[in-house]
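Topology and contacts: notes
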Amino acid sequence: MAPRIPRRCAAVIKGHQGGVLCVRFTRDGAYLMTAGQDRTVMLWNPVREDADVSGPALAAEPGSGPLTLRRPITTFAGHSHEVFGLAI
């Protein structure tokens, strides 16, 4: 049986000044990197809405709620073009 594809928004990323072109999680799910049209790469600590802000919690489990991305940990700027891919 094929995995179910979510039919609702799982996360909203508001840190970029343009479209998000690539999203990658670390293997353990503790961090997330996004790349965008604004020529930046952002490092995030994904936290569930109901989780303690001090500890990471990945909202990838069914029924755990939408993913909340608070402000990025850091932003890597200075790329000469849009960033289309990431390798973690």
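Moving on, we get to the overall build of the protein. Scanning the protein for helices and strands turns up 0 helices and 7 strands. The N-to-C order of helical and strand elements in the protein reads β-β-β-β-β-β-β. Buried residues in the protein amount to 30% of all 88 residues. Roughly 6,400 Å² of accessible area belongs to the protein as shown, and the carbon and sulfur atoms make up 53% of that amount.

Of note, Arg39 is a non-glycine position whose phi angle comes to about 70°, a positive value. Mapping Arg39 onto the fold places it in the loop between β3 (32–36) and β4 (41–44).

Another point: the pairing of strand β2 (residues 20–25). In this structure, β2 lies alongside β3, joined through 5 bridges in antiparallel fashion. Bridge pairing in β3 places Val20 opposite Gly36. Where β2 folds back on β3, the antiparallel hairpin that results is connected by 6 residues, among which Gly29 adopts a positive phi of roughly 80°.

By size, the foremost hydrophobic cluster in this structure holds 7 residues: Cys22, Met33, Ala35, Val41, Leu43, Val83 and Leu86. At the level of elements, β3 and β4 are the ones that each hand at least two residues to this core.

What counts and what doesn't
Residues numbered from 1 in each chain as written. Predicted model: local features only at pLDDT ≥ 70, side-chain atom pairs only at ≥ 80, totals over all residues. Heavy atoms only, no water. Helix = DSSP H or I, 4+ residues; strand = E, 2+ residues; numbered from the N terminus. Buried < 20%, exposed > 50% of the residue type's maximum accessible area, 1.4 Å probe, protein only. Areas by Shrake-Rupley, 256 points an atom, 1.4 Å probe, with all protein chains shown as cover. Pairing = 2+ DSSP bridges. Core = buried A, V, L, I, M, F, W, Y, C linked by side-chain atoms within 4.5 Å.

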